[in-house]
Amino acid sequence: MNQEVTKVTERPPFGRSSSQDSLDELSMEAYWTELENIKKSHENRQDDQEVVVVKEPDEGELEEEWLKEAGLSNLFGETAGDPQESMVFLSTLTRTQAAAVQKRVETVSQTLRKKNKQYQVPDVRDIFAQQTGSKEKEAPDGTESQSVGTDENKYQGKDGVGGKELTPLVPEEAPASETDINLEVSFAEQAVSQKESSREKIQRSKGDDAALLVRSTIGDLAPQDMKKVCHLALIELTALYDVLGIELKQQKAVKIKTKDSGLFCVPLTVLLEQDQKKVPGTRIPLIFQKLISRIEEGGLETEGLLRIPGAAVRIKNLCQELEAKFYEGTFNWESVKQHDAASLLKLFIRELPQPLLSVEYLKAFQAVQNLPTRKQQLQALNLLVILLPEANRDTLKALLEFLQRVVDNKEKNKMTVMNVAMVMAPNLFMYHSLGLKAGEQREFVMAAGIANIMHLLIKYQKFLWTIPKFIVNQVRKQNTENHRKDKKAMKKLLKKMAYDREKYEKQDKSANDADVPQGVIRVQAPHLSKVSMAIQLTEELKASDVLARFLSQESGVAQTLKNGEVFLYEIGGNIGERCLDDDTYMKDLYQLNPNAEWVIKSKPS
């Protein structure tokens, strides 16, 4: 950036969400100072940096890429011959999600026809005609299909984080808390309902309590289910932005040559590959971990931590020395002052060849500030966090957890959550070649919006790593439908091989029942014990109670384990694998997935 950044003293009117009102009362001085510091640092290291060039997509190309990212590539192109898997997927979508898909399919179809592609171009009416009527049927897992017009979509309720009474969906006047976010119903459906009946007083529906007792976080699900979650999150995010009239465009970076070794200006995936050779299983770059550790060694009570920069020349020299000595283990960390370590951490984030918030979704993160309410901003951020590549998401989580620890010491270091947000926002959002332009950086409203997003990422990080329950339910429905199709195919195969069909069904039933009475689950821990345990389900039985009972019976196992080393897993049935929250009510979950197995094991590192 060659233009000088000027400080803004006037505060133009916002006309934005209530979540930004507090910024009117806060000085943006820390924000502009950070931009000045970044500019000086950038000038010292400009020759070392490579620029990511963003390709402007052709007409329809963005939508085609979107369908691929959403797991629907077999609706068009050379693989369009057998879209059965996509049909199952589409049957689980809400109306707003289906509308978002339909809009992109129509655009791709028109584009392909214009280009006279030789392979099959789908007729969007054919694709979605097969879904007509399915929305009104009961879902495979016994839950109601979520669509516009159902009573369920008119409510807000507990979110599995803490829980509040249902309240009518009305525009927010006060900032939202985590417990105000309804994770039961599609966010886009809530937005539609809010538009249609924002001032209508609605009574609470029955049966919501039980449905809200199961919570999943990122990392709890098996990879095959998490892939489905990401597909659904992209469709849901797009549907939400469509309903609210906000443009959502993914960016696509041209592949360029980047450094294949070193510390700074190296892609996260490359860093992790070389780090995992030294520390197998590590999920966060070692240099990133060490810089945070060095800052914390100096004490988080230091006034102005993260705000006060290290000397630019000293930072440049430290970078060169780290590049040469870090992996050899000869670098002298005692020579790194605390403020220098903080500056190096911010520099590391800025100099990633592709943004920590990813090339694809950086603009989408920035667009969150345009959503009308804080609740919708948090919903969008939740979906965007899910969509981040795993390496980016894990590193972002480590950063946000560290920033929260800094904020926890605000009484002494004078770094409130908003102060930290204003200092960190330019490093994550602004100063990358894919970020905002210099002219936009000088606009107060834009700067305040970016700082607000950073503030939400820090303050609500625990919620943002939650997988919305309506998405988990959609994954369950997909799995149930796929299992049914597989079961039918297996029966046909057995019949063809002259097996007695009734005998097969009897065996299949006995295998599912496993001689366990109704209302009883059998818990096993194959890696810890040869013995399984039958446990009677009650209304109050939680996952933590099951763990405690099993370990109390297996005293030898319990003595070798510390609290939190093993977890109860739900495996099979209508889910691949899911690590259960301690507060999960087992009877409700059993009713949701009666064919699951219950296994105690440790969580993968």
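The name given to the protein in an unreviewed UniProt entry is Rho GTPase-activating protein 18, and the organism recorded there is Capra hircus. Check the Subunit (unreviewed entry) section of the UniProt entry for the protein; it says "Interacts with MPHOSPH6." Note on the protein: under the UniProt heading Subcellular location (unreviewed entry), the record states "Cytoplasm".

*Asks:* Residues and numbers for the overall build of the protein, please.
*Replies:* Helices and strands together make up the secondary structure of the protein, namely 25 helices and seven strands. Residues classed as buried in the protein amount to 52% of the 605 residues present. Within the protein, residue pairs in contact and separated by at least 24 positions form 77% of the contacts whose partners lie at least 6 positions apart. Summing over all exposed atoms, the protein offers an accessible surface of approximately 28800 Å²; the carbon and sulfur share of this is 47%.

*Asks:* So what's going on with the environment of Pro267? Residues and values would help.
*Replies:* Looking at where Pro267 falls in the secondary structure, it is placed in the loop between helix H8 (223–244) and helix H9 (268–278). For the pair Pro267 and Gln354, spaced 87 residues apart in sequence, the C-alpha to C-alpha distance is 6.9 Å. Not counting residues up to four positions away in its chain, the partners in contact with Pro267 are Thr258, Lys259 and Pro353.

*Asks:* Break down the state of the cysteines for me, with residues and values.
*Replies:* Going through the model one piece at a time under the given rule, you end up with zero disulfides. In this model Cys265 remains outside any disulfide bridge; the closest cysteine sulfur is found in Cys319, 8.6 Å from its own. Judged by its relative accessible area of 12%, Cys265 falls in the buried class.

*Asks:* Requested: an account of the pairing of strand E3 (residues 520–524), with residues and values cited.
*Replies:* Working note: regular strand, side chains alternate between the two faces of the sheet. Sheet topology note: the E3/strand E4 (residues 533–536) ladder contains four bridges and is antiparallel. When the bridges of E4 are listed, Ile521 appears paired with Ile535. Bridge count between E3 and strand E7 (residues 597–601): two bridges; the pairing is parallel. Across the sheet, the residue bridging to Val523 is Trp598, located in E7.

*Asks:* Go over unusual backbone geometry with me, naming the residues and quoting the values.
*Replies:* In this model, Cys265 sits at a positive phi of 60°, which is unusual for a non-glycine residue. With respect to the secondary-structure elements, Cys265 resides in the loop between H8 and H9. Of note, Ser358 is a non-glycine position whose phi angle comes to about 80°, a positive value. If you trace the backbone, Ser358 turns up in the loop between helix H12 (338–350) and helix H13 (362–367). Looking at Ser358, the relative accessible area reads 2%, which means it is buried.

*Asks:* Could you give an account of the confidence of the model for the protein, naming the residues involved and the relevant values?
*Replies:* Summarising the model, the protein shows a mean pLDDT of 76, and 67% of its residues fall at 70 or more. Within the protein, no element has a lower average pLDDT than helix H7 (residues 208–211), which sits at 38, and none a higher one than helix H15 (residues 390–407), at 97. Taken as a whole, residues 133–175 scores under 50 in pLDDT and shows 119 contacts with residues more than four places along the chain or in a different chain.

*Asks:* Which residues make up the environment of Gln251, and what are the values?
*Replies:* Looking at where Gln251 falls in the secondary structure, it is placed in the loop between H8 and H9. Judged by its relative accessible area of 17%, Gln251 falls in the buried class. The spacing of Gln251 and Leu62 is 189 residues in sequence and 8.3 Å in space, taken between C-alpha atoms.

*Asks:* Lay out the pattern of salt bridges in plain terms, naming residues and giving numbers.
*Replies:* Side-chain pairs of opposite charge can arise where the charged atoms are in close proximity. Scanning the model with the defined rule gives 20 salt bridges in all. One salt bridge connects Lys412 with Glu301, and the closest N-O pair in it is separated by 3.9 Å. Taken together, the positions of Lys412 in helix H16 (residues 410–413) and Glu301 in the loop between helix H10 (286–297) and helix H11 (312–325) put the pair 111 residues apart, joining distant regions of the chain. One network of salt bridges, with partners in common, ties together Lys103, Arg104 and Asp242.

*Asks:* Mind laying out the packing of aromatic side chains, listing which residues take part and the relevant values?
*Replies:* Summed over all chains, the structure comprises six aromatic pairs. With 5.2 Å between their ring centres and 75° between their planes, Phe187 and Phe470 make a pair best called edge-to-face. Of the two residues, Phe187 sits in helix H6 (residues 187–197) while Phe470 sits in helix H21 (residues 469–496), which places them 283 residues apart along the sequence. When sorted by exposure, Phe187 lands in the same class as Phe470, which is buried. An aromatic cluster of three or more residues is present, and its members are Phe326, Tyr327, Phe331 and Trp333. When the ring centre of Trp66 is taken as origin, the NZ or CZ atom of Arg104, which lies over that ring, is 5.6 Å away. The residue whose ring lies beneath Lys601 is Tyr569, and the NZ or CZ to ring-centre distance is 4.7 Å.

*Asks:* Go over helix H2 (residues 61–69) with me, naming the residues and quoting the values.
*Replies:* When H2 is considered as a whole, its buried residues turn out to be Leu62, Glu64, Trp66 and Leu67. Looking at the buried positions of H2, the neighbouring elements they touch are helix H4 (95–114) and H8. Where H2 terminates, the next one or two residues include Gly71, which has phi positive at roughly 80°.

*Asks:* Go over the sheet that holds strand E5 (residues 567–572) with me, naming the residues and quoting the values.
*Replies:* Taken together, five strands build an open sheet; the order of strands is E4-E3-E7-E5-E6 and the sheet is mixed. Edge positions in the open sheet fall to E4 and strand E6 (575–579), since each of these has one partner strand only. Averaged over neighbouring strand pairs, the angle between their axes works out to 30° when direction is ignored. Across four bridges, the pairing between E5 and E6 is antiparallel. Note on E6: the bridge partner recorded for Gly572 is Ile575. Along the sheet, helix H23 (residues 543–553) contacts E3, E4, E5 and E7; its crossing angle with E4, the most-contacted strand, is approximately 140°.

About the criteria used
- Residues numbered from 1 in each chain as written.
- Predicted model: local features only at pLDDT ≥ 70, side-chain atom pairs only at ≥ 80, totals over all residues.
- Heavy atoms only, no water.
- UniProt positions renumbered as here; feature names shortened; annotations may be inferred.
- Helix = DSSP H or I, 4+ residues; strand = E, 2+ residues; numbered from the N terminus.
- Buried < 20%, exposed > 50% of the residue type's maximum accessible area, 1.4 Å probe, protein only.
- Contact = heavy atoms within 4.5 Å.
- Areas by Shrake-Rupley, 256 points an atom, 1.4 Å probe, with all protein chains shown as cover.
- Disulfide = S-S within 2.5 Å.
- Pairing = 2+ DSSP bridges.
- pLDDT = per-residue confidence, 0-100.
- Salt bridge = Lys/Arg side-chain N within 4 Å of Asp/Glu carboxyl O.
- Phe/Tyr/Trp six-rings, centres within 6.5 Å; stacked < 30°, edge-to-face > 60°.
- Lys NZ or Arg CZ within 6 Å of the ring centre and 35° of its normal.
- Axes fitted to C-alpha atoms, helices over the stretch in contact; angles between N-to-C directions.

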